[in-house]
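Per-entry structural report
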Amino acid sequence: MILEYVVIAAGIFISHFLNGTNTLEIWGNKPDFMVLFVLFFALRKGALAGLWIGFFGGLLSDSGLGGEIVGNVMTYKIGLHSLTFCLMGYLIGKFARSAYHENYLSITLYSLVITLVTRVATYFLFSLFFHENLSYSIFSTSIYNAIIAPLFFYLLGKLYRLEQVEA
């Protein structure tokens, strides 16, 4: 049981590392592997796994944002990705598992819609609590995630040896 958590934590760190690299950048657009990782586990293992993986993956993503000086105060943006990934993981695991089918079209559509909704929610929270981030890509990242999601899901399924669990 502990080994399973260690392997999932390693996957979270690898997803975070892949988000930080420019190796898969195409014309200034990068995929969001953390969204795909949370989506995979929410669909495969359910709401509770999606909740916790989303929370810890989001905290790790937030830690990469760093701080910003506003006036004379240093502010950190901890909790933006964590909240959206956590909610996304729980809601997908709770309500969308029954409609999910393991095929190319289903994976592509789920990743497109979920990435789009998650990125819009994160952008809204960022704008609400800090300022508008004009460099935050929403549509291009969603399309990129939709294109690579079937391969990513296939690799994660083989790596974690997870078959789709019935809801």
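Residues numbered from 1 in each chain as written. Predicted model: local features only at pLDDT ≥ 70, side-chain atom pairs only at ≥ 80, totals over all residues. Heavy atoms only, no water.

As recorded by an unreviewed UniProt entry, the chain carries the name Rod shape-determining protein MreD and is attributed to Leptospira fletcheri. We quote the UniProt Sequence similarities (unreviewed entry) comment for the chain here in full: "Belongs to the MreD family." What the UniProt record of the chain gives under Subcellular location (unreviewed entry) is the line "Cell membrane". (UniProt positions renumbered as here; feature names shortened; annotations may be inferred.)

This part is about helix H3 (residues 47–63). The terminal C-alpha atoms of H3, which comprises 17 residues, lie 24 Å apart, in line with the 24 Å expected from a rise of 1.5 Å per residue. Where H3 is concerned, the buried positions are Ala-47, Ala-49, Gly-50, Ile-53, Gly-54, Gly-57, Gly-58, Leu-60, Ser-61 and Asp-62. On the buried face of H3, the contacting elements are helix H1 (2–20), helix H2 (33–45) and helix H4 (80–96). (Helix = DSSP H or I, 4+ residues; strand = E, 2+ residues; numbered from the N terminus. Expected span 1.5 Å × (residues − 1). Buried < 20%, exposed > 50% of the residue type's maximum accessible area, 1.4 Å probe, protein only. Contact = heavy atoms within 4.5 Å.)

Turning next to the nonpolar core. Membership of the largest hydrophobic core comes to 30 residues, with the highest contact counts inside it found for Phe-37 and Ile-92. Top contributing element to this core by residue count: H2, with 11 residues. Every residue in contact with Phe-37, bar those within four places of it in the chain, is listed here: Ile-8, Gly-11, Ile-12, Ser-15, Ile-53, Phe-152, Leu-156 and Tyr-160. (Core = buried A, V, L, I, M, F, W, Y, C linked by side-chain atoms within 4.5 Å.)

As annotated in UniProt, the feature "transmembrane region" (unreviewed entry) corresponds to residues 6–27, 34–53, 73–92, 104–130 and 136–156 in the numbering used here. Taken end to end, residues 104–130 comprises 96% helix and 0% strand; its first and last C-alpha atoms sit 38 Å apart. Secondary structure over residues 136–156 splits into 86% helix and 0% strand, and the C-alpha atoms at its two ends are 27 Å apart.

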